[in-house]
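In case you want the letters, here they are:
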Amino acid sequence: MSEVTIFDRVLAGEIPAQVVYEDEHVLAFQDIMPQAPIHVLVIPKQKKRCYDDLADTNPEEVGQLFVGAARAARALGLAENGYRVVINHGRDGQQTVDYIHLHLLAGRQMIWPPG
Ligand code: 5GP
């Protein structure tokens, strides 16, 4: 059984979060340490630990996560000016919370290559 993470506790309503979008499959809430004027985290309600777990996941479930993130971005009005979607995986990817999450970053010009 995987460990209980901070995002399990957000989803359970045990710790507060600024929820900006929710549907049957995902919850989207503001990052506590924003790296852009808009920084939202999107998590699936059906827990996955990391991006690598998606290799063993039903594509429909994977799709629900991505559709939810796109709908969250649209609900926030981010589509016109643009935004960045980031998934960090593992140590070198600097994943710090072992509950898969998509970062939606917006409200400023992004740079490339990423750090
Ligand atoms: P990672 O580094 O794993 O890709 O991203 C984890 C993100 O979770 C970080 O951007 C961090 O600021 C955010 N975070 C960590 N703890 C909390 C928390 O308790 N609440 C919220 N809303 N975000 C958190």
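Structure first, text after, so check above.
Residues numbered from 1 in each chain as written. Predicted model: local features only at pLDDT ≥ 70, side-chain atom pairs only at ≥ 80, totals over all residues. Heavy atoms only, no water.

A. Examining the sheet that holds strand β4 (residues 84-86) more closely. One open sheet accounts for five strands, arranged β1-β2-β3-β5-β4; its pairing is antiparallel. Among the strands making up the open sheet, the edge pair consists of β1 (19-22) and β4. Mean inter-strand twist for the sheet, computed between neighbouring axes without regard to direction, equals 20°. When β4 meets strand β5 (residues 102-106), the two strands line up antiparallel, connected through three bridges. Its bridge partner lying in β5, V85 is registered against L104. (Pairing = 2+ DSSP bridges. Helix = DSSP H or I, 4+ residues; strand = E, 2+ residues; numbered from the N terminus. Axes fitted to C-alpha atoms, helices over the stretch in contact; angles between N-to-C directions.)

B. Spotlight on unusual backbone geometry. Omega for the peptide link from W112 to P113 comes to 5°, which places this bond in the cis form. You will see that Q94, though not glycine, has its phi angle at about 65°, which is positive. Note that Q94 resides in the loop between α3 (90-93) and β5.

C. Representation of the pairing of strand β2 (residues 26-30) within the structure. Taking burial as the measure, the five residues of β2 include four buried ones, the bulk of the element. The pairing of β1 with β2 spans three bridges and is classified as antiparallel. The residue of β2 that forms the bridge with Y21 is A28. Hairpin connection between β1 and β2: a loop of three residues separates the two successive antiparallel strands. Of the pairings in the sheet, the one linking β2 to strand β3 (residues 38-44) comprises five bridges and is antiparallel in character. By the bridge assignment, Q30 is partnered in β3 with V40. (Buried < 20%, exposed > 50% of the residue type's maximum accessible area, 1.4 Å probe, protein only.)

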